[in-house]
Amino acid sequence: MEEKEKKTPLHNLHLAAGAKMIGFGGWVMPVQYRDILEEHRCVRERVGIFDVSHMGEITVTGPGAQELVQGLITNDISVMEDGRVLYSPMCNDDGGVVDDILVYRFSSDGYMLVVNASNTEKDLAWIKKHNQGNADIEDVSGITALLALQGPRAANVLEMAGFNPASLKYYRFVKGQVAGKKCLVSRTGYTGEDGFEFYISPKDVEHVWQSLLEAGGIHGILPVGLGARDTLRFEASFPLYGHELDENITPLEAGLDRFVKLHKYFFTGSEALKDQCGRGIFRRLVGLSMEERGIPRSGYPVFIDGRQEGWVTSGNYCPTLGGSFAMAYVPCGVKEGSGVEVSIRGKNCGARVVSLPLYKKKGAISNDTGRFSLQ
Amino acid sequence: MIPEDLVYSEDHEWIKTGGETSRVGITHHAQEALGSIVFVELPEVGARVAAGDPLGVLESVKAASDYYAPLSGTVVTVNEELSESPNLVNEDPYGRGWLVELKLDDTAQLDKLLTAEQYKQFISGDSK
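This one's a predicted model, so the numbers in the text were calculated from it and none came from an experiment.

Here the focus is the overall build of chain B. Within chain B one finds four helices and nine strands. Each helix and strand of chain B, ordered N terminal to C terminal, gives the series β-β-β-α-β-β-β-β-β-α-α-β-α. Rg of the C-alpha trace for chain B: 13 Å, near the compact-globule value of 14 Å for 128 residues, within the 12% margin. Seen through its principal axes, chain B has C-alpha atoms that stretch 35 × 35 × 20 Å. The proportion of buried residues among the 128 residues of chain B is 43%. A separation of at least 24 residues holds for 62% of the contacts in chain B among residues at least 6 apart in sequence.

Next comes the structure, spelled out in structure tokens:
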């Protein structure tokens, strides 16, 4: 049965702003307002605001909550404090990725899981299936709107909207008020820049959106669509479910080792991942820098010494780096600096294997709590 | 943004005639729909194309889209400037953002294409 695409509470505002709309994960979403490249640069250089209300939110509460979440994800929530956010893959028994999610800890028995829009129903069923009966699981996506404010000036804009972000560190959250409306503010994002995300009641989201746009006026803020969200996350080399991750790819192959804590007593997929860790992986996610002109796209074959041995998961022109790049799965033996070829519409185009991430903001360091953090 | 002195195809190419060769590009309407163009794949000089054949590919940030030969002919020149500056297709679609020059097999076929007025009506029905 085909369901009608869902609209975010800001749908009419997007149309009035002249956004082009597309279907994504069962939702009608703005792909661009004026120009993807302009929106991309605006986030790298200044600040942009995104409506990402399509993301799913699932709360897991009650005495069995911690055990349930801990048993489902590869990362370790036992070390989390209240007010922390943790990124983690969630795997099936074979170690394939069911989804990659954010875990918000309110208390030892209260969590919110933020999941990919297209996976919300699948995840909900998956979590319920693994519940031993003493956790309460609720899909709160319908009563939760989500905005992201991203870019080097995001903190300035947020302060002008009445929220002082100085004490809010990376991958932490707090309940507060933005533009006079209650919301949950986290210092998270999917762009590779400093930034914040706001979980808000749908009735308040229009006011907060408008207030942030007004506050950001002097900082050159622009509304940003899913088009630039994708080019930004691609440059920062964050995985996108359905591209770098799916049920047949393990987090070890995807280079997400630091989010997989095999020392945990048990979690779904742990046996398979321990096996894979012992045997070693056969393919891994790498970056490719195109040496011939052309844009590699998702699904394009990768040739090594004339043989098809891999595939492109995401590829595009990278505005900040200036050039075409891809992320691709290739056999483990293919080292950085090696020459490979990407088949673009039947023509083999030369590319070189490069390290990930493709783009890293100056001053950013890797750590275990987030995808990376800003010092 | 539909110049009077050009003729148009339903695939949103324009063609400018006069002299030995005819210049081909995409319309303002088409470039707007595609968004930021980041790569232009051009045909080989000397290639023979039939009306409606793909001439090459325009890659925007969003997707790859073919562009087509409005009429049959031979590719005599391609716009080399686009390899360094594909964004010219967005910025100046009827000027520096032209794509190829064709030597048409039969200039009488130009009558089959749309006038500026007809193209204007065509895209008003095309846009939602």
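In terms of regular secondary structure, chain A is built from eight helices and 22 strands. Seen along its three principal axes, the alpha-carbon backbone of chain A occupies a region of about 60 × 50 × 50 Å. Among the 375 residues that make up chain A, the fraction classed as buried is 49%. Sequence-distant contacts, at least 24 apart, represent 66% of the contacts inside chain A between residues at least 6 apart.

A few words on the sheet that holds strand β13 (residues 195-200) of chain A. What holds strands together in a sheet is hydrogen bonding between their backbones, with the strands either parallel or antiparallel. Residue and element names in this part refer to chain A. Read across the open sheet, the six strands follow the order β11-β12-β13-β10-β4-β14; overall the sheet is mixed. With one partner strand each, in any of the chains shown, β11 (173-178) and β14 (222-223) form the two edges of the open sheet. Both strand β4 (residues 48-51) and β14 contribute to a ladder of two bridges, which runs parallel. Bridge assignment links G48 to a residue of β14, and that residue is L222. Each of β4, β10 (145-150) and β14 touches helix α2 (residues 36-45); the most contacted strand, β4, lies at about 120° to it.

A few words on helix α8 (residues 270-279) of chain A. All names here are of chain A. Residues of α8 that are buried include every one of S270, L273 and Q276, and no others. For α8, the angular spread of the buried residues around the axis is 125°, confining them to a single face. In α8, those exposed residues whose orientation departs by more than 90 degrees from the buried face are D275, G278 and R279. Against the buried residues of α8 lie β6 (85-91). Positive phi appears at G280, one or two residues downstream of α8, with a value of about 95°.

Listed per partner, the contact involves ten residues of chain B and 13 residues of chain A. Elements with a minimum of two residues in the side of chain B that touches chain A: β4 (37-41) and β6 (54-60) of chain B. For the side of chain B that touches chain A, the residue count by class is five nonpolar, three polar and two charged.

To continue, consider the nonpolar core. Residue and element names in this part refer to chain A. One finds V103, L147, L149, F198 and V208 to be the most contacted residues of the largest nonpolar core, which totals 136 residues. A total of six residues in this core trace back to one element, the largest contributor, which is strand β7 (residues 97-107). Not counting the four nearest positions on each side in its chain, L149 is found in contact with V47, I49, A154, V157, L158, G195, F196 and L212.

Okay, the packing of α2(A) against helix α7 (residues 226-235) of chain A next. All names here are of chain A. Where α2 meets α7, the axes come as close as 8 Å, and the angle between the chain directions of the two elements is 55°. With respect to each other, α2 and α7 are oriented oblique. α7 is crossed by α2, and the crossing has right-handed handedness. Together, I36, E39, H40 and V43 of α2 and G227, A228, T231 and L232 of α7 make up the contact between the two elements. For the contact of α2 with α7, the class distribution of residues is four nonpolar, three polar and one charged.

All names here are of chain B. The strand order across the open sheet formed by three strands is β4-β6-β7, and the pairing between neighbours is antiparallel. Sheet topology places β4 and β7 (64-68) at the edges, where each strand pairs with a single neighbour. For this sheet the average axis-to-axis angle between neighbouring strands, irrespective of direction, equals 25°. Bridge count between β4 and β6: four bridges; the pairing is antiparallel. From the neighbouring strand, I37 faces β6, where its bridge partner is S60.

All names here are of chain A. Domain boundaries assigned for chain A yield domain 1 (6-53 + 144-235), domain 2 (57-125) and domain 3 (257-354). Its C-alpha centre places domain 2 at a distance of 27 Å from the equivalent point of domain 3. Breaking the side of domain 2 that touches domain 3 down by element, the ones donating at least two residues are α3 (65-72) and β6. The element that contributes the greatest number of residues to the side of domain 2 that touches domain 3 is β6, accounting for four residues. In the side of domain 2 that touches domain 3, the residues fall into five nonpolar, seven polar and three charged.

Turning to the pairing of β13(A), a few remarks are in order. All names here are of chain A. The buried fraction of β13 amounts to six of the six residues, a majority that puts the element mostly inside the structure. Burial of the side chains of β13 extends over both faces: G195, E197 and Y199 are buried on one face and F196, F198 and I200 on the other. Across six bridges, the pairing between β10 and β13 is antiparallel. Across the sheet, L146 pairs through a bridge with Y199, a residue of β13. The pairing of strand β12 (residues 181-186) with β13 spans four bridges and is classified as antiparallel.

All names here are of chain A. Tracing the backbone through its elements, the reader meets R172 in the loop between α5 (154-160) and β11. Its 19 C-beta neighbours within 10 Å are what place R172 among the partly exposed residues. Distance from R172 to T188, taken between C-alpha atoms, is 7.7 Å for residues 16 residues apart in sequence. Those residues in contact with R172, other than ones at most four positions away along the chain, are G83, R84, V85, S186 and R187.

Analysis parameters
- Residues numbered from 1 in each chain as written.
- Chains lettered and ligands numbered in written order.
- Predicted model: local features only at pLDDT ≥ 70, side-chain atom pairs only at ≥ 80, totals over all residues.
- Helix = DSSP H or I, 4+ residues; strand = E, 2+ residues; numbered from the N terminus.
- Rg over C-alpha atoms; globule rule 2.2 N^0.38 Å.
- Buried ≥ 20, exposed ≤ 12 C-beta atoms within 10 Å, placed from the backbone.
- Contact = placed C-beta atoms within 7 Å.
- Pairing = 2+ DSSP bridges.
- Axes fitted to C-alpha atoms, helices over the stretch in contact; angles between N-to-C directions.
- Arc of directions from axis to C-beta.
- Nonpolar A, V, L, I, M, F, W, Y, C, P; charged D, E, K, R; others polar.
- Core = buried A, V, L, I, M, F, W, Y, C linked by C-beta atoms within 7 Å.
- Parallel < 35°, antiparallel > 145°, perpendicular 65-115°, else oblique.
- Left-handed = near helix turned anticlockwise from the far one by under 90°.
- Domains from an automatic or database assignment.

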